There are 4 protein chains.
Amino acid sequence: MSIKKILSGLASSRDSREALYKHFHRHPELSLQEHATAARIEEELRSGGIDEVLRVGATGVVAILRNGDGPVVAMRGDIDALPMAERSGKDYAAVGATQTDEASGRETPVAHTCGHDVHIVCLLDATKALHAHRDAWSGTFVAVFQPGEENAAGAKAMVAAGIVDKVPKPDVYLGQHVLGSLPGGAVGIRSGPLFSAAASIEITLHGKGSHGSMPNLGVDPIVLGAAVVTRLQTIVAREVAPKETAVVTVGSFHAGTKSNIIPDSAILQLNTRAFDRDVERHLHEAIERIVRAECEAARCPRPPEFRYYDRYPLTSNHDAPTARVRAAFQDWFGDGAVDMGPVPASEDFSIIPDAFGCPYTYWGLGGFADWKNAPGNHSPFFAPDLQPTLDRGVEAIVVAASPWLVADRQ
Amino acid sequence: MSIKKILSGLASSRDSREALYKHFHRHPELSLQEHATAARIEEELRSGGIDEVLRVGATGVVAILRNGDGPVVAMRGDIDALPMAERSGKDYAAVGATQTDEASGRETPVAHTCGHDVHIVCLLDATKALHAHRDAWSGTFVAVFQPGEENAAGAKAMVAAGIVDKVPKPDVYLGQHVLGSLPGGAVGIRSGPLFSAAASIEITLHGKGSHGSMPNLGVDPIVLGAAVVTRLQTIVAREVAPKETAVVTVGSFHAGTKSNIIPDSAILQLNTRAFDRDVERHLHEAIERIVRAECEAARCPRPPEFRYYDRYPLTSNHDAPTARVRAAFQDWFGDGAVDMGPVPASEDFSIIPDAFGCPYTYWGLGGFADWKNAPGNHSPFFAPDLQPTLDRGVEAIVVAASPWLVADRQ
Amino acid sequence: MSIKKILSGLASSRDSREALYKHFHRHPELSLQEHATAARIEEELRSGGIDEVLRVGATGVVAILRNGDGPVVAMRGDIDALPMAERSGKDYAAVGATQTDEASGRETPVAHTCGHDVHIVCLLDATKALHAHRDAWSGTFVAVFQPGEENAAGAKAMVAAGIVDKVPKPDVYLGQHVLGSLPGGAVGIRSGPLFSAAASIEITLHGKGSHGSMPNLGVDPIVLGAAVVTRLQTIVAREVAPKETAVVTVGSFHAGTKSNIIPDSAILQLNTRAFDRDVERHLHEAIERIVRAECEAARCPRPPEFRYYDRYPLTSNHDAPTARVRAAFQDWFGDGAVDMGPVPASEDFSIIPDAFGCPYTYWGLGGFADWKNAPGNHSPFFAPDLQPTLDRGVEAIVVAASPWLVADRQ
Amino acid sequence: MSIKKILSGLASSRDSREALYKHFHRHPELSLQEHATAARIEEELRSGGIDEVLRVGATGVVAILRNGDGPVVAMRGDIDALPMAERSGKDYAAVGATQTDEASGRETPVAHTCGHDVHIVCLLDATKALHAHRDAWSGTFVAVFQPGEENAAGAKAMVAAGIVDKVPKPDVYLGQHVLGSLPGGAVGIRSGPLFSAAASIEITLHGKGSHGSMPNLGVDPIVLGAAVVTRLQTIVAREVAPKETAVVTVGSFHAGTKSNIIPDSAILQLNTRAFDRDVERHLHEAIERIVRAECEAARCPRPPEFRYYDRYPLTSNHDAPTARVRAAFQDWFGDGAVDMGPVPASEDFSIIPDAFGCPYTYWGLGGFADWKNAPGNHSPFFAPDLQPTLDRGVEAIVVAASPWLVADRQ
């Protein structure tokens, strides 16, 4: 039983892997509308002889490989694309790809500019490899093809669709993401906070309209909004411990229609980031405290309203599985296994393991040889090198699962 | 020669005056689009036997009554309506009146909710009365039916169209406005500042966009805009002498599209009011000083931009003609002649007398018996009482002109 | 009976008046410590044959001239000096004058740089003139030599000492002040608000100390104080009607001892001015509202504290007596009687007439021929021209009282 | 040659070590006034047979052990105490210890509440141990007893006194500090930033005084100061990358004397902290940019003034020597060698190695068994456990030097 055996077909499967990747790359689909993608994933699994394949939610696909006694390892690959046009210039770029957004009814460009197509293909081929070499390991492997990561709704949808009841409870839940911030081909991991908790808050400030020449008859929501924005700066500057990483951004401020009419209200849209649940809680409490107090200072006729949306949980790798995966990476990849710092982005990855009540760990996969100049995720130019990215992504899954599934890890 | 004689037909003309008023009220027209209104004014003048009637600009109408030696008195009545729907409930309300805005091409409701129809009718009937009783006065009377007061463009348009060359230079230029802030039927006047100087300023603040989680890579124009709005409050609070009346209102603040994207720029729309030219100049200098400095504080990549629009001059009644008109009002109206305070509104009235280089004075005419509860000008409910408003408006013009034109003012 | 007769000795008394003025000028005394001043006033009155002289409080002196039937007119002259050194350069300057401040025990320079010595001498000589010509008027004249105007405590002290019970209730209460803001020798008066209501407020903001490198462990009272000062600007800029005159000044801000220690608290000292009681009430409510709300925004461990001190009431001349005095001034002084605007200073003058429940009026007396360059009251250079100031001040009192006391006012 | 041999006398020297520690603890001396301390250090060295002992500056002492070929290792121990009273309750507490501050001439309490007495004793005994066992190592050991750490002046003073010319250039410069934030007896180290760069800045804002009722005649430095303090919050909140640790504290704000006088100026005292030189530079540039711009916004008559003081450099351990010391610590102390995070305090330690142009590393020594409840450095209760602190501090020096000086490190 060995990793080597499981990965023995890595070279021979390379061409078909790249072809499949190009297919998904050219056929991106929006969050929770990944119908063709899910169908193709399912088809690939079944044509590879994998029978236990189920839908969890409309576009979530799960494959289960039951292989005797031993731990259950789940591996997640997210499958959705973004509503933007690709400008990578690759010959397999999704030029002209569009889809109708089911919510708005609008036709929109679509592109895999976050690299989820890498995640699909690597998880497919790692699953096939494990299936092909059942003699080299024991336990259960669960491949979770998760939809809707980009709108923070897909993991919740799979939980709502009963993944916890339909799938064996994992001993560990794994995930990976292709990134431009690591050396090409490297796998990076860290214990503790990896992706920030994020939330958006829409705040409505209720002033009182008046003619601009008679401010005393109104309550000026623009002066109030300015006071709010100004005072919010003290949260990061004074209330959060200097060593913590926290962000409070007011990304949008809209009030008024004319220079000489004091409007009735102002609407602010905020975004918060934190790498610690207590810090996030403090940010939100402080925002509400400050906004309410400023509304009192301004003698508002009505209290402010807060609407939270687009909430992402903190992704904070559990210590024990992270240590096991890090050791396995170091053994297998040597210098190709690196330390990774926290990333100021957010993920809905942790929602499913939290629903299971199981530990998780998540690693990064360097996708660009020229990584110092790599485009960021969500850039229209984001398109990772085909290799070693695709091979390494398959390897990383098998190696990461090996501490639980493989007795002889050489 | 006497005022009484000139006004001897006031009662007999009352019915036709009210009828004509209702006609104009039912047929309101937008600023500088007063084509039917101007045509009807011209028709009324000519049918009254007045020959020297000229257009000055497309919709400006001037009638000149030359009546022997003596001073030249000009009287202005503005003729345009507002782009809003009337809700007065009067049986002669302009229900359903609409017009296509030539600038936007949009159909818009229109209503005489600022009372300019009163001004038209009173000036028409005063002109006719003077024409009918040429033996009772001597000198020259000029009736100026001015378009486009509401968009501050009509007086400028008449100047541009050469009114100064086409009309005898007045010894005094008179104006009146029907108001809800004076007792019904009263005429109110004051020496010095009457209507504020006003200006609007659109300010574009150039920051630098960034992802909301990486504020250090951008220059946040919302935090900058908040600093600007906050700091602008110090102009009125600290820089303007406490006894002065000045207003700086930020009526509109727009920036950003999403909670987690720091936008590139913010756009503010300001309105200023002052009753003194030096104070207005200081307001504008202070606004520019503060905005520029805040942009430096914020390390903006480009300086801010300022666009001034909708500028109204200060309307400040000249002492000498005001004293003469006040005395004439007191003699004729007794307790019905009152003192008036400054009004926090603005007028383009003074532009024409300033172009002529002649003194001016302007009075208010109380339009509501229940004036304590009267709607403000520009309210959808604004519709003055027919009487004594229409009679008093005719009288006031004749009485105000009398110190120059009438030897025996009883 | 005539004003002329009462004032017939004006020229002959001039030398002794000037000499007495110089005496008081050279011997200034602090508020409520005017012991020698009060003694000399009493001595002057008694040596002039006036018998009904009483002390009201330690240093308040009242003389009552009862002269048959008729109204009671009271005239106030304030008598205290300021704790500062005179630098007028006059040969009668109070060079080196000092006094021990009874409160602090400190020796302090003293000077009549507010002109109260003019008030003393003019009131003394007007009283003497009325006493000398009892045949020219009838009624009762009450001369009130009031201490402690500069610390807002003297009028209250006379009320506390029972002036209302000891003195006949006046039909009118009069006052005058020598000023640099009127033409030399002119008397100026206005109906309505003359001197502002004023108050000082000491505000203690309770934060929570911390090391400067750990702001999250504290509540920064300096950031809080800055937010308070900034937000207070909106009261005058947005909450007070633009036409009102109101001032909110933070004159003192003290917090902290070292750069790297966040202090426990900050102390602000504010001063407010208003020419309307409702406006003053609004200022104070708004200040408290804003400060309390900012403390909530800052999560202060304790609410803020407010201590009001140095409160001066509004001095707002009553219409009826003002009209009578204005008419008398115009008759007597002709062009020397002028209109006066509101003065951004404060007085405790109104406290006594308010205690009596009687109307009052107060006028200004121009003290400088070169009034355009005159030093302000409380300037170390403030020293009015001897003449016509002293003569005119005597005249003004007699003329102002004449509508009540003198039948033939020529 | 071995560490063991060098440390073979650790137990037998324990009693005298503790006695010497108690002596220094009871005889604390202020920064740059450590005359008795330096004399005793010198005496201890010489009595231990160490001949090459020199003064560098008035109270800096350096001992040099030349022991054949090999690298030069310098170890620094700081020797000064703090101007405060100890309240540790230890029987060897410095109860009643005072000293005259040479700068102010004032008698002040003094105490070793930062643990520099531990540093002295451990460095003395490590030096003696190395001297006693010259056969166990080769190279040169330099013991630097540095005065004046607490006022950031002692390292500069030794550089000014020529330490670079008087002492062999080290291959590595070492330092240690007893702390309450590590487990008792543990040695903690980290590569990179360890102590923050710190600076204080006194800022004078020049406004223009005025009476509080006439703000328009002045430039209000309190409103300006409030704007500055408020705007400074945006540096940490928006300009510094969220992952960086930076602090801008305004610890003191002083302006004004009375509620109703607008003062001429305001004085702010700021303290900054950063763990990166570029970040510190950015903080200072941003502070100056914002303050200058706010002064322009306020139309200040003169630009602001900035005075920097109490500057501490960043202490950022060099990678290579840190890796060597960490490895040596792990080998020798096992679990007693721990990782350490950045400390929000500052040190002048790096000034001397920077003057030499040599790399350095610095570690922490846990001083309290009950470290979770240990008082912070500079607390009046700070007094480390005698043991294992004193023994471990000697060991740590020898072990840390061993990679350079000792061939067989067992």
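Everything quoted here is computed from the prediction, not taken from an experiment.

When helices and strands are counted, chain A shows 11 helices and 18 strands. Over its C-alpha trace chain A gives a radius of gyration of 24 Å, about what one expects of a compact globule, namely 22 Å for 410 residues. Each principal axis of the C-alpha atoms in chain A carries an extent, and together these give about 80 × 45 × 45 Å. Evaluated residue by residue, chain A yields a buried proportion of 62% over its 410 residues. Of all intrachain contacts in chain A linking residues separated by at least 6 positions in sequence, the fraction that spans at least 24 positions is 83%. Carbon and sulfur atoms provide 51% of the accessible area of chain A, an area that totals close to 14100 Å². The distance from the centre of the 39 positive side-chain charges to the centre of the 50 negative ones in chain A is 3 Å.

As a further point, take the relation of the copies chain B and chain A. For the pair of chain copies, the relating transformation is a rotation about an axis with a translation along it. Mapping chain B onto chain A leaves a residual RMSD of 0.2 Å; the transformation is a rotation of 179 degrees accompanied by 0.1 Å of translation along its axis. In short, the pair behaves as if placed about a two-fold rotation axis. Of every C-alpha in chain B, the one belonging to B:Ala226 sits nearest the axis of rotation, 1.9 Å from it.

Read from one edge to the other, the open sheet built from eight strands follows the order β15(A)-β10(A)-β14(A)-β12(A)-β12(B)-β14(B)-β10(B)-β15(B), with strand pairing classed as antiparallel. Two strands in the sheet have a free side with no partner beyond their single neighbour: β15 (305-312) of chain A together with β15 (305-312) of chain B. Across the sheet, the mean angle from the axis of one strand to that of its neighbour is 25 degrees, orientation sign disregarded. Bridge count between strand β12 (residues 246-255) of chain A and strand β12 (residues 246-255) of chain B: three bridges; the pairing is antiparallel. Looking across to β12(B), one finds that A:Phe253 is bridged to B:Ala255.

Before going further, it helps to examine the UniProt feature "domain: Peptidase M20 dimerisation" (unreviewed entry) in chain A. Those places that UniProt annotates as "domain: Peptidase M20 dimerisation" (unreviewed entry) correspond, in this numbering, to residues 198-296 of chain A. Regarding residues 198-296 of chain A, the helix share stands at 39% and the strand share at 33%, and the terminal C-alpha atoms are separated by 28 Å.

The subject of this paragraph is the domain arrangement of chain A. Residues and elements named next belong to chain A. Domain boundaries assigned for chain A yield domain 1 (2-194 + 314-405) and domain 2 (197-311). When each unit is reduced to the centre of its C-alpha atoms, the spacing between domain 1 and domain 2 is 38 Å. Along the contact surface separating domain 1 from domain 2 lie zero salt bridges. For the pair domain 1 and domain 2, the number of links is one residue pair in polar contact (both at pLDDT 80 or more). When grouped by side-chain class, the residues that make up the side of domain 1 that touches domain 2 number eight nonpolar, one polar and one charged.

C:Pro388 follows C:Gln387 through a cis peptide bond whose omega is 5 degrees. Its place among the elements puts C:Pro388 in the loop between β18 (360-366) and α11 (389-405). Here B:Asp310, not a glycine, exhibits a phi torsion of approximately 50 degrees, which is positive. Note on placement: B:Asp310 falls in strand β15. Within the chain, C:His378 stands out as a residue other than glycine whose phi angle is a positive 80 degrees. In this structure, C:His378 sits in the loop between β18 and α11. On the basis of relative accessible area, C:His378 is assigned to the partly exposed category, the value being 39%.

All names here are of chain B. An order of β1-β2-β6-β3-β7-β18-β8-β17 is seen for the eight strands of this open sheet, with the pairing classed as mixed. Strands with a single pairing partner mark the edges of an open sheet, and in this sheet they are β1 (53-55) and β17 (337-339). Taken pair by pair, the neighbouring strands of this sheet meet at an average axis angle of 25 degrees, ignoring direction. Sheet analysis places strand β3 (residues 72-78) next to strand β7 (residues 172-179), joined by four bridges and oriented parallel. Paired with Met-75 across the bridge in β7 is Leu-174. In the packing of helix α3 (residues 35-47) onto the sheet, contacts are made with β1, β2 (61-67) and β6 (139-146), and the angle to β1 comes to roughly 165 degrees.

For the rest of this paragraph, the subject is the interface of chain D and chain C. If you look at the interface, chain D gives 36 residues, while chain C gives 35 residues. Summed over both partners, the interface of chain D with chain C comes to about 2500 Å²; 57% of that surface belongs to carbon and sulfur atoms. Inspection of the chain D/chain C interface yields zero salt bridges. Those elements that provide at least two residues to the side of chain D that touches chain C are α7 (221-239), β12 (246-255), β13 (261-262) and β14 (265-274) of chain D. At eight residues, β12(D) tops the list of elements feeding residues into the side of chain D that touches chain C. Of the residues that constitute the side of chain D that touches chain C, the class distribution is 17 nonpolar, 16 polar and three charged.

In this section: the packing of helix α7 (residues 221-239) of chain B against helix α7 (residues 221-239) of chain C. Relative to each other, α7(B) and α7(C) sit at 55 degrees, their axes nearing to 8 Å. Judged on the interaxial angle alone, α7(C) and α7(B) are oblique. The crossing of α7(B) and α7(C) is left-handed. Residue-level contacts link B:Thr230, B:Gln233, B:Thr234, B:Val236, B:Ala237 and B:Arg238 of α7(B) to C:Thr230, C:Gln233, C:Thr234, C:Val236, C:Ala237 and C:Arg238 of α7(C). Considering only residue class, the contact of α7(B) with α7(C) consists of four nonpolar, six polar and two charged.

Looking now at the interface of chain B and chain A. On the side of chain A, 36 residues touch chain B, which itself brings 35 residues to the contact. Both faces combined, the contact of chain B with chain A buries some 2500 Å², and carbon together with sulfur accounts for 57% of it. When residues of the side of chain B that touches chain A are traced back to their parent elements, those giving at least two are α7, β12, β13 (261-262) and β14 (265-274) of chain B. It is β12(B) that provides the largest number of residues to the side of chain B that touches chain A, a total of eight residues. Counted by class, the side of chain B that touches chain A contains 16 nonpolar, 16 polar and three charged residues.

Its rotation angle being 178 degrees, the transformation that places chain D on chain C also includes 0.2 Å of axial translation and leaves an RMSD of 0.3 Å. Take the interface residues of chain D: 97% of them recur as interface residues in chain C, which is what a same-surface contact looks like.

So, about the pattern of salt bridges. Residues and elements named next belong to chain A. What the rule picks out here adds up to 104 salt bridges over all chains. Of the charged contacts, one joins Glu-42 and Arg-46 as a salt bridge, the two residues approaching to 3.2 Å between their closest N and O atoms. Linking Glu-42 with Arg-46, this pair stays in helix α3 (residues 35-47), spanning four residues, or about one helical turn. Judged by relative accessible area, which is 17%, Glu-42 ranks as buried. Arg-46 sits in the partly exposed class, given a relative accessible area of 40%. Sharing partners across several salt bridges, the network here consists of Arg-14, Arg-17, Arg-40, Glu-44, Asp-125, Lys-128 and Asp-391.

Each turn of an α-helix holds 3.6 residues, which means side chains three or four residues apart point in the same direction. Residues and elements named next belong to chain D. Taking 1.5 Å per residue, 19 residues should reach 27 Å; α7 reaches 25 Å between its end C-alpha atoms and fits that length. Burial of α7 is extensive: 19 of the 19 residues sit out of reach of the surface. At the N-terminal end of α7, a side-chain oxygen is found 2.8 Å from the backbone nitrogen of Ile-222, two or three residues along, and the residue is Asp-220.

Glancing now at the packing of aromatic side chains. Counting across every chain of the model gives 34 aromatic pairs over all chains. Taking the centre distance of 4.7 Å and the plane angle of 75 degrees together, the rings of A:Phe349 and A:Tyr362 count as edge-to-face. With A:Phe349 in the loop between β17 (337-339) and α10 (351-356) and A:Tyr362 in strand β18 (residues 360-366), this residue pair connects regions lying 13 residues apart in the sequence. Of the residues examined, A:Tyr362 reaches a relative accessible area of 0% and is grouped as buried. For the ring pair B:Phe368 and B:Phe382, a centre distance of 5.3 Å and an interplane angle of 65 degrees mean the geometry is edge-to-face.

The next subject is the side chain of C:Ser196. All names here are of chain C. Here Ser-196 is to be found in the loop between β9 (192-195) and β10 (197-206). With relative accessibility at 0%, the residue Ser-196 sits in the buried group. Residue contacts for Ser-196: discarding those within four places in its chain leaves Arg-273, Ala-274, Phe-275, Pro-313, Leu-314, Val-343, Pro-344, Ala-345 and Ser-346.

Right, let's get into the environment of A:Lys128. All names here are of chain A. With respect to the element layout, Lys-128 can be found in helix α4 (residues 116-132). Lys-128 sits 182 residues away from Asp-310 along the chain, and the two C-alpha atoms are 35 Å apart. Each residue touching Lys-128, except ones within four places of it in the same chain, is listed here: Glu-44 and Ile-50.

Analysis parameters
- Residues numbered from 1 in each chain as written.
- Chains lettered and ligands numbered in written order.
- Predicted model: local features only at pLDDT ≥ 70, side-chain atom pairs only at ≥ 80, totals over all residues.
- Heavy atoms only, no water.
- Helix = DSSP H or I, 4+ residues; strand = E, 2+ residues; numbered from the N terminus.
- Rg over C-alpha atoms; globule rule 2.2 N^0.38 Å.
- Buried < 20%, exposed > 50% of the residue type's maximum accessible area, 1.4 Å probe, protein only.
- Contact = heavy atoms within 4.5 Å.
- Areas by Shrake-Rupley, 256 points an atom, 1.4 Å probe, with all protein chains shown as cover.
- Lys, Arg positive; Asp, Glu negative; His and termini not counted.
- Charge placed at Lys NZ, Arg CZ, Asp CG, Glu CD.
- Least-squares fit on C-alpha atoms with pLDDT ≥ 70 in both.
- Pairing = 2+ DSSP bridges.
- Axes fitted to C-alpha atoms, helices over the stretch in contact; angles between N-to-C directions.
- UniProt positions renumbered as here; feature names shortened; annotations may be inferred.
- Domains from an automatic or database assignment.
- Salt bridge = Lys/Arg side-chain N within 4 Å of Asp/Glu carboxyl O.
- Polar contact = N/O pair within 3.5 Å; in protein donor to acceptor, adjacent residues only side chain to side chain.
- Nonpolar A, V, L, I, M, F, W, Y, C, P; charged D, E, K, R; others polar.
- Buried area = accessible area lost by both parts, 1.4 Å probe.
- Parallel < 35°, antiparallel > 145°, perpendicular 65-115°, else oblique.
- Left-handed = near helix turned anticlockwise from the far one by under 90°.
- Expected span 1.5 Å × (residues − 1).
- Phe/Tyr/Trp six-rings, centres within 6.5 Å; stacked < 30°, edge-to-face > 60°.

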